[in-house]
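Read off the chains here:
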Amino acid sequence: MPCMPVATLEGGETGVATSSGMAAILCAILTFVGAGEHVLCSDEIYGATAFLLETELIRLGIDCSFVPFHSSESIEEVKDIIADLESGLGML
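Please read all numbers here as calculations on a predicted model, not as lab measurements.

1. Overview of the overall build of the protein
For step 1, the next point in the chain: Scanning the protein for helices and strands turns up three helices and two strands.
For step 2, the next point in the chain: For the protein, the succession of helices and strands along the chain, N to C, is α-α-β-α-β.
For step 3, the next point in the chain: Residues classed as buried in the protein amount to 20% of the 92 residues present.
For step 4, the next point in the chain: Within the protein, contacts between residues at least 6 apart in sequence are counted, and of these 69% link residues at least 24 apart.
For step 5, the next point in the chain: Here the protein has roughly 6900 Å² of accessible surface; of this, 60% comes from carbon and sulfur atoms.

Spelled out as structure tokens, the structure:
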């Protein structure tokens, strides 16, 4: 498996190789979140990620809401945090 050397270098047990960043994001979310659960996401994410969360996850029964990154909304029951930066920030 081509991802095993990377997992070993990072101190992990195994890894998953995806063909794109969007596939990696979807794989990561679906690993931890299932139907009937809720994703809390920053409102400052890459447009394609927002589209994925707003449209495709709904079809799988996963709800999503977008909040300011500095929001004081309670996150006591949050399972995982996935951060996504807008592309092109380094090109400004």
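Moving on from the model shown.
2. A short note on the nonpolar core
For step 1, the next point in the chain: With 12 residues, the main nonpolar core is built from Ile25, Ile29, Val33, Val39, Cys41, Ile45, Ala50, Leu52, Leu53, Leu57, Ile62 and Cys64.
For step 2, the next point in the chain: When residues of this core are traced back to their parent elements, those giving at least two are helix 2 (21-32), strand 1 (38-42) and helix 3 (47-59).
For step 3, the next point in the chain: Of all the elements, helix 3 adds the most residues to this core, at four residues.
For step 4, the next point in the chain: The contacts of cysteine 41, once residues within four sequence positions are left out, are Leu53, Cys64, Ser65, Phe66 and Val67.

3. Considerations on the pattern of salt bridges
For step 1, the next point in the chain: Throughout the structure, instances matching the rule amount to one salt bridge.
For step 2, the next point in the chain: In this structure, glutamate 56 engages arginine 59 in a salt bridge whose closest nitrogen and oxygen atoms are separated by 2.8 Å. Of this pair, glutamate 56 and arginine 59 both sit in helix 3, three residues apart, roughly one helical turn.
For step 3, the next point in the chain: Assessed through its relative accessible area of 66%, arginine 59 is described here as exposed.

4. Here's the deal with helix 3
For step 1, the next point in the chain: Given a rise of 1.5 Å per residue, 13 residues ought to cover 18 Å, and the 18 Å separating the end C-alpha atoms of helix 3 matches this to within 8%.
For step 2, the next point in the chain: Where helix 3 bends most, at leucine 53, the angle is about 30°.
For step 3, the next point in the chain: Burial in helix 3 covers these residues: Thr49, Ala50, Leu52, Leu53 and Leu57.
For step 4, the next point in the chain: Packed against the buried residues of helix 3 are helix 2, strand 1 and strand 2 (63-67).
For step 5, the next point in the chain: Of the residues flanking the end of helix 3, it is glycine 61, one or two places downstream, whose phi is positive at about 80°.

5. Quick notes on the pairing of strand 2
For step 1, the next point in the chain: In the sheet, strand 1 pairs with strand 2 via five bridges, with the strands oriented parallel. Paired with leucine 40 across the bridge in strand 2 is serine 65.
For step 2, the next point in the chain: In this view, the connection linking strand 1 to its parallel neighbour strand 2 by way of helix 3 has right-handed handedness.

6. Some points on the state of the cysteines
For step 1, the next point in the chain: On inspection of all chains with the given rule, the structure shows zero disulfides.
For step 2, the next point in the chain: Free of any disulfide, cysteine 64 has its nearest cysteine sulfur in cysteine 41, 5.2 Å distant.

Analysis parameters
- Residues numbered from 1 in each chain as written.
- Predicted model: local features only at pLDDT ≥ 70, side-chain atom pairs only at ≥ 80, totals over all residues.
- Heavy atoms only, no water.
- Helix = DSSP H or I, 4+ residues; strand = E, 2+ residues; numbered from the N terminus.
- Buried < 20%, exposed > 50% of the residue type's maximum accessible area, 1.4 Å probe, protein only.
- Contact = heavy atoms within 4.5 Å.
- Areas by Shrake-Rupley, 256 points an atom, 1.4 Å probe, with all protein chains shown as cover.
- Core = buried A, V, L, I, M, F, W, Y, C linked by side-chain atoms within 4.5 Å.
- Salt bridge = Lys/Arg side-chain N within 4 Å of Asp/Glu carboxyl O.
- Expected span 1.5 Å × (residues − 1).
- Bend = angle between axes of the 7 residues up to and from the residue.
- Pairing = 2+ DSSP bridges.
- Right-handed = clockwise from strand over helix to strand, strands pointing away.
- Disulfide = S-S within 2.5 Å.

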